[in-house]
Amino acid sequence: MSDQPLVVVLGASGFVGSALVAELAGRDVRLRLVARRPAVVPPGHTAEAEAEIEVRTADLTGAGQVAEAIAGADVVVNLLLYTGGGTWRAAEDEAPGERVNVGVVRDIVAAVRAERRDGPPPVVLFPGSTSQVGPRAEARIDGTEPDAPVTAYDRQKLAAERELKAATAEGLLRGVTLRLGTVFGGRVSPTATDRGVVTTMVRRALAGEPLTVWGDGTAERDLLYVEDVAGAFLAALDHADSLAGRHWLIGTGGGRSVRDIFTDVAETVAARTGAPAVPVVSVPAPPDATGMDFHSVVADPVAFRTVTGWQARVPFREALERTVSSLTRGDEVPL
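Only a predicted model underlies this, so the values are computations on that prediction, with no experimental measurement involved. (Residues numbered from 1 in each chain as written. Predicted model: local features only at pLDDT ≥ 70, side-chain atom pairs only at ≥ 80, totals over all residues. Heavy atoms only, no water.)

Enquirer: Teacher, can you tell me more about the packing of aromatic side chains here?
Expert: Two aromatic rings, taken as a pair, are described by how far apart their centres are and by the angle between their planes. Applying the stated criterion across every chain yields a total of 4 aromatic pairs. Plain terms: the ring middles of F304 and W310 are 5.9 Å apart, the flat faces sit at 65° to each other, and that makes the pair edge-to-face. Judged on exposure class, the residue F304 and its partner W310 are both buried. Grouping aromatic residues by their ring pairs yields a cluster made of F184, Y225 and F316. A cation over a ring is seen here: R246 above W248, with NZ or CZ 4.0 Å from the ring centre. (Phe/Tyr/Trp six-rings, centres within 6.5 Å; stacked < 30°, edge-to-face > 60°. Buried < 20%, exposed > 50% of the residue type's maximum accessible area, 1.4 Å probe, protein only. Lys NZ or Arg CZ within 6 Å of the ring centre and 35° of its normal.)

Encoded structure:
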(Lines give C-alpha, C1' and ligand atoms only; values in the text may rest on other atoms or scores of the structure.)
Protein backbone atom coordinates (compact mmCIF):
# COMPACT_ATOMS: atom_id res chain seq x y z
CA MET A 1 0.00 0.00 0.00
CA SER A 2 1.26 3.45 -0.91
CA ASP A 3 2.39 5.80 1.86
CA GLN A 4 1.05 8.76 -0.08
CA PRO A 5 -2.09 10.33 1.43
CA LEU A 6 -5.33 9.68 -0.44
CA VAL A 7 -7.14 12.88 -1.42
CA VAL A 8 -10.69 12.37 -2.69
CA VAL A 9 -12.29 15.21 -4.65
CA LEU A 10 -16.06 14.97 -4.95
CA GLY A 11 -17.32 17.03 -7.86
CA ALA A 12 -13.89 16.84 -9.49
CA SER A 13 -15.20 17.57 -12.99
CA GLY A 14 -16.84 20.85 -11.95
CA PHE A 15 -15.63 24.42 -12.23
CA VAL A 16 -13.76 24.76 -8.93
CA GLY A 17 -13.03 21.03 -8.82
CA SER A 18 -11.15 21.10 -12.12
CA ALA A 19 -9.03 24.05 -11.02
CA LEU A 20 -8.18 22.32 -7.75
CA VAL A 21 -7.36 19.02 -9.45
CA ALA A 22 -4.92 20.82 -11.73
CA GLU A 23 -3.05 22.02 -8.63
CA LEU A 24 -3.26 18.76 -6.68
CA ALA A 25 -1.93 16.78 -9.64
CA GLY A 26 1.50 18.25 -9.01
CA ARG A 27 1.61 17.02 -5.42
CA ASP A 28 2.96 13.79 -4.02
CA VAL A 29 -0.45 12.33 -3.21
CA ARG A 30 -2.91 9.78 -4.46
CA LEU A 31 -5.93 11.40 -6.05
CA ARG A 32 -9.38 9.89 -6.44
CA LEU A 33 -11.52 12.08 -8.67
CA VAL A 34 -15.25 11.43 -8.33
CA ALA A 35 -18.05 13.05 -10.33
CA ARG A 36 -21.07 12.31 -12.48
CA ARG A 37 -18.94 12.94 -15.57
CA PRO A 38 -15.37 11.62 -15.83
CA ALA A 39 -12.93 14.20 -14.48
CA VAL A 40 -10.15 15.21 -16.84
CA VAL A 41 -6.62 14.33 -15.80
CA PRO A 42 -4.44 17.42 -16.26
CA PRO A 43 -2.29 17.30 -19.42
CA GLY A 44 1.37 16.45 -19.07
CA HIS A 45 0.74 14.27 -16.03
CA THR A 46 3.81 12.06 -16.40
CA ALA A 47 6.40 12.91 -13.75
CA GLU A 48 6.87 10.32 -11.05
CA ALA A 49 6.62 12.99 -8.37
CA GLU A 50 3.11 13.90 -9.42
CA ALA A 51 -0.06 12.45 -8.01
CA GLU A 52 -1.27 8.93 -8.68
CA ILE A 53 -4.74 9.53 -10.15
CA GLU A 54 -7.85 7.36 -10.13
CA VAL A 55 -11.01 8.56 -11.92
CA ARG A 56 -14.46 7.35 -10.88
CA THR A 57 -17.91 8.23 -12.12
CA ALA A 58 -20.76 8.04 -9.63
CA ASP A 59 -24.07 9.58 -8.66
CA LEU A 60 -23.25 10.45 -5.07
CA THR A 61 -26.90 10.93 -4.13
CA GLY A 62 -27.42 7.18 -4.40
CA ALA A 63 -27.41 4.93 -1.34
CA GLY A 64 -23.92 3.89 -0.30
CA GLN A 65 -22.19 5.84 -3.07
CA VAL A 66 -20.47 8.35 -0.80
CA ALA A 67 -19.10 5.68 1.52
CA GLU A 68 -17.64 3.80 -1.43
CA ALA A 69 -16.20 6.96 -2.97
CA ILE A 70 -14.36 8.12 0.15
CA ALA A 71 -13.27 4.75 1.52
CA GLY A 72 -9.73 5.03 2.90
CA ALA A 73 -9.52 8.78 2.32
CA ASP A 74 -7.14 10.94 4.30
CA VAL A 75 -8.67 14.06 2.80
CA VAL A 76 -12.13 14.64 1.31
CA VAL A 77 -12.85 17.81 -0.65
CA ASN A 78 -16.60 18.04 -1.19
CA LEU A 79 -17.21 20.39 -4.12
CA LEU A 80 -20.59 19.04 -5.12
CA LEU A 81 -23.16 21.69 -5.94
CA TYR A 82 -26.76 21.17 -6.96
CA THR A 83 -27.34 22.98 -10.24
CA GLY A 84 -30.45 21.25 -11.55
CA GLY A 85 -31.66 24.57 -12.90
CA GLY A 86 -28.24 25.74 -14.10
CA THR A 87 -27.32 27.92 -11.11
CA TRP A 88 -27.30 27.88 -7.32
CA ARG A 89 -30.82 29.38 -7.42
CA ALA A 90 -32.09 25.95 -8.44
CA ALA A 91 -31.65 24.92 -4.80
CA GLU A 92 -34.54 27.16 -3.80
CA ASP A 93 -37.44 25.11 -2.44
CA GLU A 94 -36.23 21.93 -4.13
CA ALA A 95 -35.56 18.67 -2.32
CA PRO A 96 -32.73 17.70 -4.72
CA GLY A 97 -30.80 20.77 -3.57
CA GLU A 98 -31.09 19.64 0.05
CA ARG A 99 -29.97 16.13 -0.89
CA VAL A 100 -26.80 17.33 -2.63
CA ASN A 101 -25.87 20.36 -0.56
CA VAL A 102 -26.59 18.83 2.87
CA GLY A 103 -27.28 15.13 2.43
CA VAL A 104 -23.89 14.31 0.94
CA VAL A 105 -22.15 15.95 3.90
CA ARG A 106 -24.23 13.83 6.28
CA ASP A 107 -23.26 10.78 4.25
CA ILE A 108 -19.58 11.74 4.57
CA VAL A 109 -19.91 11.99 8.34
CA ALA A 110 -21.73 8.66 8.52
CA ALA A 111 -19.14 6.95 6.31
CA VAL A 112 -16.25 8.28 8.41
CA ARG A 113 -17.97 7.11 11.60
CA ALA A 114 -18.51 3.63 10.16
CA GLU A 115 -14.93 3.35 8.92
CA ARG A 116 -13.19 4.56 12.09
CA ARG A 117 -9.54 3.63 11.82
CA ASP A 118 -6.23 4.31 13.52
CA GLY A 119 -4.38 7.51 12.84
CA PRO A 120 -5.46 11.14 12.50
CA PRO A 121 -9.10 11.70 11.57
CA PRO A 122 -9.59 12.60 7.90
CA VAL A 123 -9.69 16.20 6.76
CA VAL A 124 -12.97 17.30 5.13
CA LEU A 125 -12.97 20.57 3.18
CA PHE A 126 -16.26 22.18 2.20
CA PRO A 127 -17.18 25.34 0.26
CA GLY A 128 -19.67 27.60 1.98
CA SER A 129 -20.79 31.05 0.89
CA THR A 130 -20.23 34.51 2.32
CA SER A 131 -23.95 35.13 1.78
CA GLN A 132 -24.79 32.66 4.58
CA VAL A 133 -24.58 35.61 6.97
CA GLY A 134 -27.75 37.09 5.46
CA PRO A 135 -28.59 40.76 4.78
CA ARG A 136 -26.68 43.21 6.96
CA ALA A 137 -26.39 46.97 7.16
CA GLU A 138 -22.59 46.70 7.03
CA ALA A 139 -21.09 45.39 3.80
CA ARG A 140 -17.84 44.14 5.32
CA ILE A 141 -17.89 40.87 7.25
CA ASP A 142 -15.09 39.01 9.02
CA GLY A 143 -16.73 35.69 9.93
CA THR A 144 -17.67 36.54 13.52
CA GLU A 145 -21.19 37.73 12.65
CA PRO A 146 -24.29 35.71 13.61
CA ASP A 147 -25.78 33.91 10.63
CA ALA A 148 -29.28 34.72 9.39
CA PRO A 149 -29.57 33.14 5.92
CA VAL A 150 -32.61 34.12 3.86
CA THR A 151 -32.36 31.71 0.92
CA ALA A 152 -32.77 27.94 0.80
CA TYR A 153 -29.29 27.65 -0.71
CA ASP A 154 -27.66 29.54 2.17
CA ARG A 155 -29.68 27.62 4.76
CA GLN A 156 -28.50 24.38 3.16
CA LYS A 157 -24.89 25.51 3.17
CA LEU A 158 -25.14 26.52 6.82
CA ALA A 159 -26.75 23.19 7.77
CA ALA A 160 -23.93 21.28 6.07
CA GLU A 161 -21.31 23.45 7.75
CA ARG A 162 -22.85 22.74 11.15
CA GLU A 163 -22.75 19.00 10.45
CA LEU A 164 -19.00 19.27 9.88
CA LYS A 165 -18.46 21.37 12.99
CA ALA A 166 -20.35 18.85 15.12
CA ALA A 167 -18.40 15.93 13.66
CA THR A 168 -15.15 17.78 14.31
CA ALA A 169 -16.14 18.41 17.92
CA GLU A 170 -16.86 14.68 18.22
CA GLY A 171 -13.37 13.87 16.95
CA LEU A 172 -14.60 12.02 13.87
CA LEU A 173 -12.96 14.28 11.33
CA ARG A 174 -11.26 17.62 10.86
CA GLY A 175 -13.82 19.76 9.07
CA VAL A 176 -13.01 23.11 7.48
CA THR A 177 -15.52 25.33 5.68
CA LEU A 178 -14.29 28.01 3.32
CA ARG A 179 -17.01 30.61 2.80
CA LEU A 180 -16.39 31.90 -0.70
CA GLY A 181 -17.23 35.20 -2.33
CA THR A 182 -18.38 35.42 -5.97
CA VAL A 183 -16.21 32.99 -7.95
CA PHE A 184 -15.62 33.41 -11.69
CA GLY A 185 -13.26 32.50 -14.50
CA GLY A 186 -12.95 30.90 -17.90
CA ARG A 187 -13.20 27.20 -18.57
CA VAL A 188 -10.49 25.27 -16.76
CA SER A 189 -11.17 21.84 -18.35
CA PRO A 190 -13.41 20.39 -21.08
CA THR A 191 -16.00 19.46 -18.44
CA ALA A 192 -15.93 22.65 -16.37
CA THR A 193 -18.06 25.66 -17.24
CA ASP A 194 -18.63 28.71 -15.04
CA ARG A 195 -22.33 29.59 -14.87
CA GLY A 196 -21.85 32.50 -12.49
CA VAL A 197 -22.98 36.06 -13.09
CA VAL A 198 -19.64 37.48 -14.28
CA THR A 199 -19.08 34.87 -16.96
CA THR A 200 -22.74 35.01 -17.96
CA MET A 201 -22.36 38.73 -18.60
CA VAL A 202 -19.17 38.13 -20.59
CA ARG A 203 -21.09 35.76 -22.85
CA ARG A 204 -23.84 38.33 -23.30
CA ALA A 205 -21.37 41.06 -24.16
CA LEU A 206 -19.67 38.79 -26.70
CA ALA A 207 -23.09 38.21 -28.26
CA GLY A 208 -23.64 41.99 -28.48
CA GLU A 209 -26.45 41.96 -25.92
CA PRO A 210 -27.03 44.67 -23.28
CA LEU A 211 -25.95 43.82 -19.73
CA THR A 212 -28.87 44.17 -17.36
CA VAL A 213 -28.50 45.42 -13.79
CA TRP A 214 -31.30 44.86 -11.30
CA GLY A 215 -32.25 48.23 -9.87
CA ASP A 216 -29.43 50.74 -9.44
CA GLY A 217 -26.67 48.12 -9.28
CA THR A 218 -24.94 49.67 -6.27
CA ALA A 219 -24.70 46.43 -4.25
CA GLU A 220 -21.06 45.38 -3.92
CA ARG A 221 -19.59 41.95 -4.51
CA ASP A 222 -16.21 40.49 -3.57
CA LEU A 223 -14.97 38.72 -6.70
CA LEU A 224 -12.63 35.72 -6.58
CA TYR A 225 -10.79 34.28 -9.55
CA VAL A 226 -11.10 30.49 -9.70
CA GLU A 227 -7.33 29.91 -9.50
CA ASP A 228 -7.21 31.88 -6.24
CA VAL A 229 -10.03 29.72 -4.89
CA ALA A 230 -8.07 26.57 -5.73
CA GLY A 231 -5.13 28.11 -3.89
CA ALA A 232 -7.30 28.70 -0.83
CA PHE A 233 -8.28 25.02 -0.72
CA LEU A 234 -4.64 24.00 -0.98
CA ALA A 235 -3.80 26.36 1.89
CA ALA A 236 -6.64 24.90 3.95
CA LEU A 237 -5.35 21.40 3.31
CA ASP A 238 -1.86 22.39 4.40
CA HIS A 239 -3.11 24.00 7.64
CA ALA A 240 -6.07 21.75 8.42
CA ASP A 241 -5.15 21.17 12.07
CA SER A 242 -5.16 24.91 12.77
CA LEU A 243 -8.36 25.54 10.80
CA ALA A 244 -10.50 22.55 11.82
CA GLY A 245 -13.86 23.09 13.45
CA ARG A 246 -14.48 26.60 12.09
CA HIS A 247 -15.61 28.47 9.02
CA TRP A 248 -13.28 30.94 7.31
CA LEU A 249 -13.99 33.79 4.92
CA ILE A 250 -12.27 33.68 1.53
CA GLY A 251 -12.27 36.95 -0.40
CA THR A 252 -10.14 39.77 -1.69
CA GLY A 253 -11.22 42.16 1.04
CA GLY A 254 -12.43 44.64 -1.58
CA GLY A 255 -15.85 45.17 -3.11
CA ARG A 256 -17.04 46.33 -6.53
CA SER A 257 -20.55 47.47 -7.35
CA VAL A 258 -22.52 45.26 -9.71
CA ARG A 259 -22.87 48.17 -12.14
CA ASP A 260 -19.11 48.75 -12.14
CA ILE A 261 -18.46 45.03 -12.65
CA PHE A 262 -20.76 44.91 -15.66
CA THR A 263 -19.25 48.09 -17.08
CA ASP A 264 -15.79 46.54 -16.77
CA VAL A 265 -17.09 43.44 -18.55
CA ALA A 266 -18.48 45.51 -21.42
CA GLU A 267 -15.22 47.47 -21.78
CA THR A 268 -12.99 44.40 -21.59
CA VAL A 269 -15.02 42.55 -24.23
CA ALA A 270 -14.97 45.63 -26.48
CA ALA A 271 -11.20 45.88 -26.16
CA ARG A 272 -10.87 42.23 -27.08
CA THR A 273 -13.28 42.21 -30.05
CA GLY A 274 -12.93 45.75 -31.38
CA ALA A 275 -16.71 46.18 -31.31
CA PRO A 276 -18.39 49.03 -29.39
CA ALA A 277 -18.99 48.33 -25.71
CA VAL A 278 -22.49 47.03 -25.10
CA PRO A 279 -24.69 49.18 -22.85
CA VAL A 280 -25.29 48.47 -19.17
CA VAL A 281 -28.97 49.07 -18.43
CA SER A 282 -31.14 48.95 -15.31
CA VAL A 283 -34.17 46.63 -15.28
CA PRO A 284 -36.67 45.59 -12.60
CA ALA A 285 -35.61 42.62 -10.51
CA PRO A 286 -37.21 39.27 -11.46
CA PRO A 287 -39.59 37.44 -9.12
CA ASP A 288 -36.88 35.08 -7.87
CA ALA A 289 -34.65 37.91 -6.63
CA THR A 290 -33.83 37.70 -2.92
CA GLY A 291 -32.87 40.19 -0.24
CA MET A 292 -29.23 39.25 -0.69
CA ASP A 293 -29.29 40.44 -4.29
CA PHE A 294 -29.52 44.04 -3.09
CA HIS A 295 -27.11 43.88 -0.14
CA SER A 296 -23.37 44.34 -0.37
CA VAL A 297 -21.08 41.58 0.88
CA VAL A 298 -17.32 42.08 1.17
CA ALA A 299 -15.28 39.36 2.89
CA ASP A 300 -12.37 40.25 5.16
CA PRO A 301 -9.97 37.28 4.81
CA VAL A 302 -7.49 38.40 7.45
CA ALA A 303 -8.25 35.51 9.84
CA PHE A 304 -7.59 32.89 7.14
CA ARG A 305 -4.54 34.77 5.89
CA THR A 306 -3.09 34.95 9.40
CA VAL A 307 -3.20 31.16 9.74
CA THR A 308 -2.27 30.14 6.20
CA GLY A 309 -0.57 33.06 4.47
CA TRP A 310 -3.06 32.81 1.59
CA GLN A 311 -4.25 35.85 -0.26
CA ALA A 312 -5.96 36.44 -3.59
CA ARG A 313 -3.22 37.17 -6.13
CA VAL A 314 -4.94 37.75 -9.48
CA PRO A 315 -6.24 41.34 -9.83
CA PHE A 316 -9.83 41.66 -11.03
CA ARG A 317 -9.06 43.22 -14.42
CA GLU A 318 -6.42 40.60 -15.17
CA ALA A 319 -8.81 37.83 -14.13
CA LEU A 320 -11.54 39.35 -16.27
CA GLU A 321 -9.21 39.58 -19.27
CA ARG A 322 -8.28 35.92 -18.84
CA THR A 323 -11.95 35.00 -18.68
CA VAL A 324 -12.82 36.96 -21.82
CA SER A 325 -9.81 35.47 -23.60
CA SER A 326 -10.94 31.96 -22.68
CA LEU A 327 -14.42 32.52 -24.07
CA THR A 328 -13.25 34.21 -27.27
CA ARG A 329 -10.82 31.34 -27.95
CA GLY A 330 -13.76 28.98 -27.97
CA ASP A 331 -12.65 27.21 -24.81
CA GLU A 332 -16.21 27.12 -23.54
CA VAL A 333 -18.66 24.36 -24.30
CA PRO A 334 -22.17 25.49 -25.32
CA LEU A 335 -24.67 25.84 -22.47
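Enquirer: Could you clarify how one ought to interpret the pattern of salt bridges in this entry?
Expert: Applying the stated criterion across every chain, the model contains 21 salt bridges. Linking D74 and R117 is a salt bridge whose minimum nitrogen-to-oxygen distance equals 3.7 Å. Within this pair, whereas D74 is found in the loop between α2 (65-70) and β4 (75-78), its partner R117 is found in the loop between α3 (95-114) and β5 (123-129), the two being separated by 43 residues in sequence. A salt bridge links K165 to E161; its shortest N-O distance comes to 3.2 Å. With K165 and E161 both in helix α4 (residues 152-170), this residue pair falls 4 residues apart, about one helical turn. Taking the relative accessible area as the measure of exposure, K165 reaches 27% and is therefore partly exposed. (Salt bridge = Lys/Arg side-chain N within 4 Å of Asp/Glu carboxyl O. Helix = DSSP H or I, 4+ residues; strand = E, 2+ residues; numbered from the N terminus.)

Enquirer: Would you mind going over the side chain of T268 with me for this structure?
Expert: Take T268: it is sitting in helix α8 (residues 258-273). A polar side-chain atom of T268 sits 3.3 Å from a polar atom in the side chain of R317. (Polar contact = N/O pair within 3.5 Å; in protein donor to acceptor, adjacent residues only side chain to side chain.)

Enquirer: Is there a simple way to explain the pairing of β4 in this structure?
Expert: Remember that side chains alternate between the two faces of the sheet whenever the strand is regular. Here β4 shows no split at all, with V75 and V77 on one side and V76 and N78 on the other all buried. Strand direction decides the pairing type here: strand β1 (residues 6-10) and β4, joined by 4 bridges, are parallel. Counterpart to V9 in the pairing with β4 is V77. Relative to β5, β4 is paired through 3 bridges, and the arrangement is parallel. The partner of V75 across the bridge, within β5, is V123. (Pairing = 2+ DSSP bridges.)

Enquirer: Quick question: what am I supposed to make of the environment of A19 here?
Expert: Assignment of secondary structure puts A19 in helix α1 (residues 15-24). Residue classification places A19 among the buried residues on the basis of a relative accessible area of 8%. Considered as a pair, A19 and V226 are 207 residues apart in the sequence and their alpha carbons are 6.9 Å apart. With residues near it in sequence (within four places) discarded, A19 still touches V188, V226 and A230. (Contact = heavy atoms within 4.5 Å.)

Enquirer: Please explain the environment of T290 as it appears in this structure.
Expert: On the secondary structure map, T290 appears in the loop between β14 (280-283) and β15 (298-299). In this structure the C-alpha to C-alpha distance between T290 and P135, which are 155 residues apart in sequence, comes to 9.8 Å.

It is worth stressing that arrangement in space is one thing and function is another; only the former is reported here.
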